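# Examination of the molecular architecture
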Amino acid sequence: MTHPDPVPSDLVFSDDGLLPAIIQDDESGEVLMLAWMDREAIRRTLTSGRVTFWSRSRREYWRKGDTSGHRQYVRSVAMDCDGDTLLVRVVQLGAACHTGTRSCFTGRDIPALVGDPDRAGE
Ligand SMILES: N=c1c2ncn([C@@H]3O[C@H](COP(=O)(O)OP(=O)(O)OP(=O)(O)O)[C@@H](O)[C@H]3O)c2ncn1[C@@H]1O[C@H](COP(=O)(O)O)[C@@H](O)[C@H]1O
Ligand SMILES: [Mg+2]
Ligand SMILES: [Zn+2]
């Protein structure tokens, strides 16, 4: 008996067979990290309860937290409007970033001119 493929057929992969997955803390809404998935990593993520990426440098499946213990438990998965990006909401144990910060963006602000919506027309 064959099982239906859990990976939506309308996902759009890059020429390298990958798409970006944004990982978000399900409780706080904080964006934690972005990494890459191929079809098999998505299938594993959808069917195992744990987030699995494809590591471009190591060229292997990378189930987040297997070395560090900083595991990501799946709460929900969504595709974006044109099917080329995933949003995965997770329960994150410990730090999402391999540098030890909670998110990959923690403490890495780049100075930017702040826009003001109350200044009409600008
Ligand atoms: N654990 C991580 C890890 N956690 C979060 N990230 C972030 O994930 C993103 C990876 O983006 P890249 O564009 O580098 O994706 P990639 O080139 O496919 O990934 P790599 O091959 O570089 O790992 C970066 O923003 C990293 O900061 C990590 N990137 C790499 N690792 C490595 O993965 C290994 C296993 O770690 P755990 O899964 O936590 O046990 C360790 O050896 C780590 O060095
Ligand atoms: Mg890398
Ligand atoms: Zn990081």
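Refer to the structure presented above.
Only a predicted model underlies this, so the values are computations on that prediction, with no experimental measurement involved.

With burial as the criterion, only one face of strand E6 (residues 86-92) is covered, namely that bearing Leu-86, Val-88, Val-90 and Gln-92; the residues Leu-87, Arg-89 and Val-91 on the opposite face remain uncovered. Here seven bridges tie strand E5 (residues 72-79) to E6, and the two strands are oriented antiparallel to one another. Following the sheet pairing, Ser-76 is matched in E6 by Arg-89. Counted along the chain from E5 to the antiparallel partner E6, the turn is six residues long, and its residue Gly-83 has a positive phi close to 75 degrees.

Here the focus is unusual backbone geometry. Unlike most non-glycine residues, Arg-59 shows phi in positive territory, near 55 degrees. By the secondary structure assignment, Arg-59 is in the loop between strand E3 (52-55) and strand E4 (60-63).

The biggest cluster of nonpolar side chains holds 17 residues, and the ones touching the most others in it are Ile-23, Met-33, Met-37, Ile-42, Val-51, Phe-53 and Leu-86. Taken together, the elements giving at least two residues each to this core come down to strand E1 (19-25), strand E2 (31-37), helix H1 (39-48) and E6. The residues touching Ile-42, leaving out its near neighbours within four places in the chain, are Val-7, Leu-11, Phe-13, Leu-19, Met-37 and Leu-86.

Right, let's talk about the side chain of Thr-52 for a bit. Along the polypeptide, Thr-52 turns up in strand E3. Leaving out residues up to four positions away in the same chain, Thr-52 has contacts with Met-37, Ala-41, Arg-44, Thr-45, Tyr-61, Trp-62 and Arg-63.

Quick notes on the rules
Residues numbered from 1 in each chain as written. Chains lettered and ligands numbered in written order. Predicted model: local features only at pLDDT ≥ 70, side-chain atom pairs only at ≥ 80, totals over all residues. Heavy atoms only, no water. Buried < 20%, exposed > 50% of the residue type's maximum accessible area, 1.4 Å probe, protein only. Helix = DSSP H or I, 4+ residues; strand = E, 2+ residues; numbered from the N terminus. Pairing = 2+ DSSP bridges. Core = buried A, V, L, I, M, F, W, Y, C linked by side-chain atoms within 4.5 Å. Contact = heavy atoms within 4.5 Å.

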